[in-house]
Amino acid sequence: MQRNVNNDTEALLSDIAKIENEPGYNHAFLDEQTKRMVRRAILKAVAIPGYQVPFSSREMPMPYGWGTGGIQITASIIGKADVLKVIDQGADDTTNAVSIRGFFAKMAGVATTEKTSEATIIQTRHRIPEDKLTRAHTMVYQVPVPEPLRWVEPRETETRKMHAHSEYGAMHVKLYEDIARHGRIATSFDYPALVDGGYIISPSPIPKFDNPKLDMSPALQLFGAGREQRIYAIPPYTKVTSLDFEDYPFEVQKWEDCCGLCGATTSYLDEIILNDDGDKMFVCSDSDYCQRRCEAGHKGPFADDRISDEQGERNAS
Amino acid sequence: MRVRKRLKQTPLLQVQNISKFYGDLAACLNISLDLYPGEILAIVGESGSGKSTLLNCISGKTGINAGEVRYRSRNNGTIDVHGAKEPVRRHLARTEWGYVHQNPRDGLRGNVSAGANIGERLMGTGSRHYGEIRSQAEQWLERVEIDPCRIDHQPRTFSGGMQQRLQIARNLVSGPSLIFMDEPTGGLDVSVQAKLLDLLRNITADLGLAVVLVTHDLGVARLLAHRIMVMKRGQVVETGLTDQVLDDPHHPYTQLLVSSILV
Amino acid sequence: MIKMIEVLGLEKRFILHNQGGAVIDVFEKLNFKVEKGQCVALFGRSGSGKSTLLRSLYANYKPVSGAVNIRHDNEMIDITRATPRLVVEIRKHTMGYVSQFLRVIPRVSTFDIVASAHREVYGDESGATLRAKELLERLNIPQRLWSLAPATFSGGEQQRVNIARGFAVKYPILLLDEPTASLDAANRMVVVELIEEAKKEGTAVVGIFHDDEVREAVSNKIVEMGAA
């Protein structure tokens, strides 16, 4: 056993030696003291599931709202052996995802991937991958507004007390208001959830479709809000309950259509307008998932159309 | 015998020698009072006499420098309001107590509907059935003479009198035993004031609510309160039955107050 | 005979602090008692302290010294020393008071004023309605006024509403401050009847009656005021 480990470690070290990060910068951009501070906040967040831990957020080379919280968490936990996947709106090929991946490839010298199964750290905005996460994954969520009570109570001093004393009546006020206005709970993303029966969190702007994936997930889930300077976490295998009413139970979005490209019926779909006549199709928002299904021979109603050609070009580039 | 037995009850609220200082200034000095279930006590005095500070000290919103406030709760025995931990106090404040602010905007959530405003206390104590919460909200709207068809409207579309009545409904939905009121008729027209007073009088009598009412309006005190406390410079100068204090005032300050009323 | 009210060494004086500390002595060393079913009339010239005495019996005014013992729940209680809560209880169940002027909450209808007085004590809706109807009819308040608030009524009408409210509850003790002052002869007689009925039922009455005829008709005993 001992020999094997040593061999593995040696192999690893020689791998790492091959990859160099940008000269003149510390590994993963942040200095070691900052990483230490962020890691301490992460440890505290993991120890108190759902509790928003303040941390002294740093200036990052990108504007607030572009994922500065997520980046700082990733930078603090990423090792040379990690493989990073970044998704934005479910896709690996959007500007934000590509830039953040590029940033870490350069600054940490890590391998990046678009495949969920290959990744060890997945930084995300708006989605959780369709593939089942494992213990090998760490999810890093970019959070714009970490305070789920902000909408009903603008005072931070008051919301902190409400969390401390589990005074969560106001959170249901929001859902009540939804039903009163729309006849159902119309909140479709950033849907509040109770972590381990303790704190209510904002799960970041993921669709409520993904809320059930938060529950008892084998992956460690970390949430970072750069502008608001908060970090919180859901440890692996933690109970996460979405709030609801007895007579209006929690429900996820459903679609009558399947994915136009891969024919998936159980994934989260984006609507795409095809032309000025308003024709539309639905495609998986998780581009990696969709592509692998296509490669495996699954076909949706639009699979052979022009759109799929474009998709092919896009993937090739 | 029935009457005597009732009189033997222990007080709902006992305030013993409380004082509150701001530096050298005594905002409240050595004030004691007992309040029994169903009793309405008015605290009167001119602005700056310390009546609002006293209300905040009694309700635990402001800390005190000396003395004790004890509240006999329904299920948890007698609670030392200032000695208790904050969650206990906050729990009381949204279950067995109510607080009606002079400005309804301080006591309402402006960005949610009337129904949600009323329902919040129910949801805060574990009510998770939308239909039931809503039907209770409708009943309370009716009770405070607001057309239930306005249940989904935001309070900012309501008139001042309606907002005040909504604030009262929001407080009463949890079935409190004790309500604190700070100038509840303060900013209202005379005609609207009369309607509100009438409503308050009926509701407090029907529900057997104990009320500590702060007002500078002796007319309001006369209409609503069983007892009255007259404050001046942080001290109680005269106390007793409302009509006794107002019709036969003994202290010079009370005499001045009473003689200053028009009409 | 059962003693309902016992006044012992009662003394009342006003000190007007804002008018140079002027002292007004109203009465001193007053002693009298009222028994069950008896009517005592307070008699004296204007300003002799009749109303002040009546208000002192009701604990509306605070005497300087002496005692006013009231039979409440078969116990004599000195109302001048009773706690505010006890006074409220005594006023609710034992002692009624009909003042000269009607003082009510604006907006409340005439019928409700009378019925609610009954309802608050007995908690009986149909009984309250019956009693209110009976009294308003006997006191000749036209039915079309019943649903209106009495603020705009004539002086005589307001006084009759006030009397109806006072008699709505059958108190063991009833205090009347010039109940017939602005009434015509027919209505005065109705009030005399009401007082006589109450006495028969055992109510002890103390009253100020301006009208000699009424006073002679109802009173068993006269307490003379301002004689000194």
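Values in this document were obtained by computation on a predicted structure and should not be read as measured data.

Enquirer: Even after reading the chapter, I still don't get the overall build of chain C, so can you show me in this structure?
Expert: If you tally the helices and strands in chain C, you get seven helices and nine strands. Overall size of chain C, expressed as C-alpha extent along the three principal axes, is 50 × 40 × 35 Å. Counting across all 228 residues of chain C, residues that qualify as buried make up 54%. Sequence separation of at least 24 residues holds for 67% of the intrachain contacts in chain C that already meet a minimum separation of 6.

Enquirer: Is there a simple way to think about the overall build of chain B in this case?
Expert: Scanning chain B for helices and strands turns up eleven helices and ten strands. Compactness check: chain B gives a C-alpha radius of gyration of 19 Å against a globular reference of 18 Å for 263 residues, within 12% of the reference. With the principal axes as the frame, chain B shows a C-alpha extent of 55 × 50 × 45 Å. The contacts of chain B with a sequence gap of at least 6 include a subset with a gap of at least 24, amounting to 65%. Put simply, chain B shows about 11100 Å² of open surface, and 48% of that area lies on carbon and sulfur atoms. A gap of 5 Å separates the mean positions of the 31 positive and 26 negative side-chain charges of chain B.

Enquirer: What's the story with the interface of chain B and chain A in this structure? I'm lost.
Expert: It is common to give the size of an interface as the accessible area that goes away when the parts come together. Each partner contributes to the interface: chain B provides 22 residues, whereas chain A provides 22 residues. With both sides pooled, the region where chain B packs onto chain A buries about 2000 Å², and carbon together with sulfur makes up 54% of that total. Scanning the region where chain B abuts chain A turns up five salt bridges. A salt bridge links A:Lys161 to B:Glu86; its shortest N-O distance comes to 2.9 Å. Between chain B and chain A we count 15 residue pairs in polar contact (both at pLDDT 80 or more) in total. Mapped by element, the contributors of at least two residues to the side of chain B that touches chain A are helix H3 (86–94), helix H5 (114–124) and helix H6 (130–143) of chain B. No other element matches the five residues that H5(B) contributes to the side of chain B that touches chain A. Residue composition of the side of chain B that touches chain A, grouped by class: seven nonpolar, seven polar and eight charged.

Enquirer: Hey, could you run me through the environment of A:Val83 in this one?
Expert: All names here are of chain A. Within the element layout of this structure, Val83 appears in strand E2 (residues 83–88). Along the primary structure Val83 and Val110 are separated by 27 residues, whereas in three dimensions their C-alpha atoms are 6.3 Å apart. With residues up to four places along the chain from it excluded, the contact list for Val83 reads Ala111, Thr112, Thr113, Glu118, Ala119, Thr120 and Ile121.

Enquirer: So what exactly am I meant to see when it comes to the UniProt feature "domain: ABC transporter" (unreviewed entry) in chain B here?
Expert: Per the UniProt annotation, the sites labelled "domain: ABC transporter" (unreviewed entry) are residues 13–258 of chain B. Strand forms 26% of residues 13–258 of chain B and helix 39%; the C-alpha atoms that close the span are 28 Å apart.

Enquirer: I'm lost on the interface of chain B and chain C in this one. Help?
Expert: On the chain C side, the residues contacting the 29 residues of chain B number 29 residues. For the pair chain B and chain C, the interface holds three salt bridges. Across the contact surface, chain B and chain C share ten residue pairs in polar contact (both at pLDDT 80 or more). Among the elements that make up the side of chain B that touches chain C, the one with the highest residue count is helix H1 (residues 2–7) of chain B (five residues).

Enquirer: Would you mind showing me how to read the nonpolar core here?
Expert: In this structure, A:Tyr176, A:Phe245, B:Ile118 and B:Leu166 are the most contacted members of the largest nonpolar core, which totals 64 residues. Ignoring any residue separated from it by four or fewer positions in sequence, one finds A:Phe245 in contact with A:His172, A:Leu175, A:Tyr176, A:Ile179, B:Met123, B:Arg128, B:His129, B:Tyr130 and B:Ile133.

Enquirer: Teacher, can you tell me more about the packing of H5(B) against H6(B) here?
Expert: Each packed pair of helices is defined by two parameters, the angle between the axes and the distance between the axes. Residue and element names in this part refer to chain B. Close contact between H5 and H6 brings their axes to 9 Å; oriented N to C, the two are set at 120 degrees. Considering their axes alone, H5 and H6 lie oblique with respect to each other. In the crossing of H5 with H6, the sense of the turn from one axis to the other is right-handed. Residues Gly115, Ile118, Gly119, Leu122 and Met123 of H5 form the contact with H6, whose participating residues are Ile133, Gln136, Ala137, Trp140 and Leu141. Split into classes, the residues belonging to the contact of H5 with H6 amount to seven nonpolar, three polar and no charged.

Enquirer: Just to check I follow, could you spell out the pattern of salt bridges for this structure?
Expert: Pairing between side chains becomes possible if they bear opposite charge and their charged atoms approach one another. Applying the stated criterion to the full structure yields 46 salt bridges over all chains. Across the salt bridge formed by B:Glu68 and B:Arg70, the nearest N and O atoms sit 3.7 Å from each other. You can call B:Glu68 partly exposed: its relative accessible area is 26%. A relative accessible area of 29% places B:Arg70 in the partly exposed class. A network of salt bridges, in which partner residues are shared, links A:Glu153, A:Arg155, B:Arg109, B:Glu120 and B:Arg170.

Enquirer: Even after reading the chapter, I still don't get the pairing of E2(A), so can you show me in this structure?
Expert: Note on strand geometry: in a regular strand, side chains alternate between the two faces of the sheet. Residues and elements named next belong to chain A. When you tally the buried positions in E2, you get six out of six residues, the bulk of the element. As paired elements, E2 and strand E3 (residues 111–112) share two bridges and run parallel to each other. Residue Leu84 lies in a different strand from E3, and its bridge partner there is Thr112. Crossover E2 to E3 through helix H4 (residues 95–107) is right-handed.

Enquirer: Is there a simple way to think about the sheet that holds strand E1 (residues 3–16) of chain C in this case?
Expert: Hydrogen bonds between backbone groups are what pair the strands of a sheet, and the pairing can be parallel or antiparallel. Residues and elements named next belong to chain C. Strand order in the open sheet formed by four strands is E2-E1-E4-E5, with antiparallel pairing between adjacent strands. The sheet terminates laterally at strand E2 (22–35) and strand E5 (75–78), the two strands that pair on one side only. Taken pair by pair, the neighbouring strands of this sheet meet at an average axis angle of 25 degrees, ignoring direction. In the sheet, E1 pairs with strand E4 (residues 65–72) via five bridges, with the strands oriented antiparallel. By the bridge assignment, Glu6 is partnered in E4 with Asn69. This element, helix H2 (residues 84–93), spans E4 and E5 of the sheet and lies at about 50 degrees to E4.

Enquirer: Whenever I open this one, the sheet that holds strand E6 (residues 97–100) of chain B confuses me. Can you help?
Expert: Residue and element names in this part refer to chain B. Across the sheet, which stays open at both edges, the six strands sit in the order E6-E7-E8-E3-E9-E10 with mixed pairing between neighbours. Strands with a single pairing partner mark the edges of an open sheet, and in this sheet they are E6 and strand E10 (235–241). Within the sheet, the average angular offset between the axes of one strand and its neighbour, ignoring direction, is 15 degrees. The pairing of strand E9 (residues 227–232) with E10 spans six bridges and is classified as antiparallel. Paired with Met231 across the strands is Val236, a residue of E10.

Enquirer: Please clarify how the environment of A:Asp215 should be interpreted in this entry.
Expert: Residue and element names in this part refer to chain A. Relative to the elements of secondary structure, Asp215 occurs in the loop between helix H7 (211–214) and strand E8 (220–225). When the C-alpha positions of Asp215 and Arg101 are compared, they lie 27 Å apart, and in sequence the two are 114 residues distant. Those residues in contact with Asp215, other than ones at most four positions away along the chain, are Thr238, Lys239 and Val240. Among the polar contacts made by the side chain of Asp215, one reaches the side chain of Lys239 at a distance of 3.2 Å.

Enquirer: I keep staring at unusual backbone geometry and nothing clicks. Help me out?
Expert: Negative phi characterises most residues that are not glycine, and trans characterises most peptide bonds. All names here are of chain A. Phi at His126 takes a positive value of approximately 80 degrees, unusual for a residue other than glycine. For His126, the location among the structural elements is in the loop between strand E4 (121–125) and strand E5 (138–142). Of note in the backbone geometry, Met216 takes a positive phi value of approximately 55 degrees without being a glycine. Mapped onto the elements of the fold, Met216 is located in the loop between H7 and E8.

Enquirer: How should I be thinking about the environment of B:Arg74 in this particular structure?
Expert: All names here are of chain B. The residue Arg74 is located in the loop between strand E4 (66–72) and strand E5 (78–80) in this model. As a C-alpha pair, Arg74 and Val88 span 14 residues in sequence and 13 Å in three-dimensional space. Among residues more than four places away in sequence, those in contact with Arg74 are Glu96, Gly175, Pro176 and Ser177. Only 2.7 Å separates the side chain of Arg74 from the backbone oxygen of Gly175, close enough to count as a polar contact. A polar side-chain atom of Arg74 sits 3.0 Å from a polar atom in the side chain of Ser177.

What counts as what
Residues numbered from 1 in each chain as written. Chains lettered and ligands numbered in written order. Predicted model: local features only at pLDDT ≥ 70, side-chain atom pairs only at ≥ 80, totals over all residues. Heavy atoms only, no water. Helix = DSSP H or I, 4+ residues; strand = E, 2+ residues; numbered from the N terminus. Buried < 20%, exposed > 50% of the residue type's maximum accessible area, 1.4 Å probe, protein only. Contact = heavy atoms within 4.5 Å. Rg over C-alpha atoms; globule rule 2.2 N^0.38 Å. Areas by Shrake-Rupley, 256 points an atom, 1.4 Å probe, with all protein chains shown as cover. Lys, Arg positive; Asp, Glu negative; His and termini not counted. Charge placed at Lys NZ, Arg CZ, Asp CG, Glu CD. Buried area = accessible area lost by both parts, 1.4 Å probe. Salt bridge = Lys/Arg side-chain N within 4 Å of Asp/Glu carboxyl O. Polar contact = N/O pair within 3.5 Å; in protein donor to acceptor, adjacent residues only side chain to side chain. Nonpolar A, V, L, I, M, F, W, Y, C, P; charged D, E, K, R; others polar. UniProt positions renumbered as here; feature names shortened; annotations may be inferred. Core = buried A, V, L, I, M, F, W, Y, C linked by side-chain atoms within 4.5 Å. Axes fitted to C-alpha atoms, helices over the stretch in contact; angles between N-to-C directions. Parallel < 35°, antiparallel > 145°, perpendicular 65-115°, else oblique. Left-handed = near helix turned anticlockwise from the far one by under 90°. Pairing = 2+ DSSP bridges. Right-handed = clockwise from strand over helix to strand, strands pointing away.

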